[in-house]
Amino acid sequence: LHDKNRQLRIRLRQLSKDIDNRECSELFEKALEMIAASVEATWLLILRFTHEGVKPLAAWNWSGESLEMIVPSLSATDLIAEDLAILNPRRLSPPFDQAALIVPLFEFEQTGALLVGPSRIQAGYTEIELVTLQDAGEILANQLRESFSAKEAVASAEVSDLPVGLEEPCVSEETLPRLVELGLRNLHD
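Residues numbered from 1 in each chain as written. Predicted model: local features only at pLDDT ≥ 70, side-chain atom pairs only at ≥ 80, totals over all residues. Heavy atoms only, no water.

1. Things to note about the overall build of the chain
Piece 1. In terms of helices and strands, the chain carries 6 helices and 5 strands.
Piece 2. When the helices and strands of the chain are listed from N to C terminus, the series reads α-α-β-β-α-α-β-β-β-α-α.
Piece 3. A total of 189 residues make up the chain; the buried ones form 46% of that total.
Piece 4. A separation of at least 24 residues holds for 59% of the contacts in the chain among residues at least 6 apart in sequence.
Piece 5. Just so you have it, the chain exposes about 10300 Å², and 49% of that area is on carbon and sulfur atoms. (Helix = DSSP H or I, 4+ residues; strand = E, 2+ residues; numbered from the N terminus. Buried < 20%, exposed > 50% of the residue type's maximum accessible area, 1.4 Å probe, protein only. Contact = heavy atoms within 4.5 Å. Areas by Shrake-Rupley, 256 points an atom, 1.4 Å probe, with all protein chains shown as cover.)

2. Things to note about the nonpolar core
In summary, soluble globular proteins display a tendency toward joint burial of nonpolar side chains.
Piece 1. Core analysis: the biggest nonpolar cluster contains 25 residues, and L32, I46, L114, V116 and L133 have the highest contact counts within it.
Piece 2. Taken together, the elements giving at least two residues each to this core come down to α2 (24-39), β1 (44-50), β2 (53-60), β4 (101-106), β5 (110-116) and α5 (127-156).
Piece 3. The biggest single contributor to this core is α5, with 6 residues.
Piece 4. Not counting residues up to four positions away in its chain, the partners in contact with I46 are F28, L32, K55, P56, L57, A58, L105, A113, L114, L140 and L144.
Piece 5. With 21 residues, the next largest nonpolar core counts V71, A85, L87 and I102 among its residues. (Core = buried A, V, L, I, M, F, W, Y, C linked by side-chain atoms within 4.5 Å.)

3. Here we look at the layout of surface pockets
Piece 1. In this structure, the largest pocket spans a volume of roughly 240 Å³.
Piece 2. Lining the largest pocket are 15 residues, and of these L87, Q98, A99, A100 and P118 lie nearest its centre.
Piece 3. The residue inventory of the lining of the largest pocket, partitioned by class, reads 10 nonpolar, 4 polar and 1 charged. (1 Å grid on protein atoms, 1.4 Å probe; cavity = no way out; pocket = protein on both sides within 12 Å on 5 of 7 lines; lining within 4 Å. Points joined across faces, edges and corners; volume = space filled by probe spheres on them. Nonpolar A, V, L, I, M, F, W, Y, C, P; charged D, E, K, R; others polar.)

4. Regarding the environment of A136
Piece 1. Counting through the fold element by element, A136 comes out in helix α5.
Piece 2. For the pair A136 and V103, spaced 33 residues apart in the sequence, the C-alpha separation amounts to 9.0 Å.

5. Considering the pairing of β1
Piece 1. Burial runs high along β1: 6 of the 7 residues are buried.
Piece 2. Counting the residues between successive antiparallel strands, the hairpin from β1 to β2 contains 2 residues.
Piece 3. With 5 bridges connecting them, β1 and β5 associate as antiparallel partners. Residue pairing across strands places L47 opposite A113, the latter belonging to β5. (Pairing = 2+ DSSP bridges.)

6. Some words on the side chain of R48
Piece 1. Inspection of the secondary structure assignment puts R48 in strand β1.
Piece 2. Within polar-contact distance, the side chain of R48 engages the side chain of T111 at 3.4 Å. (Polar contact = N/O pair within 3.5 Å; in protein donor to acceptor, adjacent residues only side chain to side chain.)

7. Describing the packing of aromatic side chains
Piece 1. This structure, assessed with the given rule, holds 2 aromatic pairs.
Piece 2. Taken together, a centroid distance of 5.0 Å and an interplanar angle of 85° make the contact between W43 and W62 edge-to-face. Taken together, the positions of W43 in the loop between α2 and β1 and W62 in the loop between β2 and α3 (67-70) put the pair 19 residues apart, joining distant regions of the chain. Residues W43 and W62 agree in their burial class; the two are buried.
Piece 3. For the ring pair W62 and F96, a centre distance of 5.5 Å and an interplane angle of 20° mean the geometry is stacked. Placement of the pair is W62 in the loop between β2 and α3 and F96 in the loop between β3 (85-86) and β4, with a sequence separation of 34 residues. An identical accessibility class is assigned to W62 and F96; each is buried. (Phe/Tyr/Trp six-rings, centres within 6.5 Å; stacked < 30°, edge-to-face > 60°.)

Bear in mind that shape data such as this cannot, by itself, settle questions of function.
If you want it as structure tokens, here you go:
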């Protein structure tokens, strides 16, 4: 447990140092990696609902086909959930049929989902891990809202070129430590 906590802290420090040099999708992937380590998930996906359909935003440890090719096969109605939803096997179409959980990402309404693969532990996810995922989902939803709001504000100001880092949503320097802190707190429980 102490080694796991120490490794998580080291990765967070390194990520904080590199934050200005990374693409936003890479930062979301790092956040997903930290969440996955906290709950022993095999893979995680952040999916965003748009007018054109469901779009992949970030993935951690996804080994299937290219997400850009297969995510359009999902509809937002497949991913709608009032709260964290434990999925029955094969509820979603392949290759998402192995997903264990949907964590909804809300703004005023559901704007996306954190799709969670099976647990690495045969017993499945514990209550503590489910709470950790709900909390992480709220933090991710807030960060997505903030980053998309910043992007829309720049676009509405009719600025021709977006500043670096606003082309897509980005995890802020304040959010990553909160995600890791959340994981560390739940590791002790």
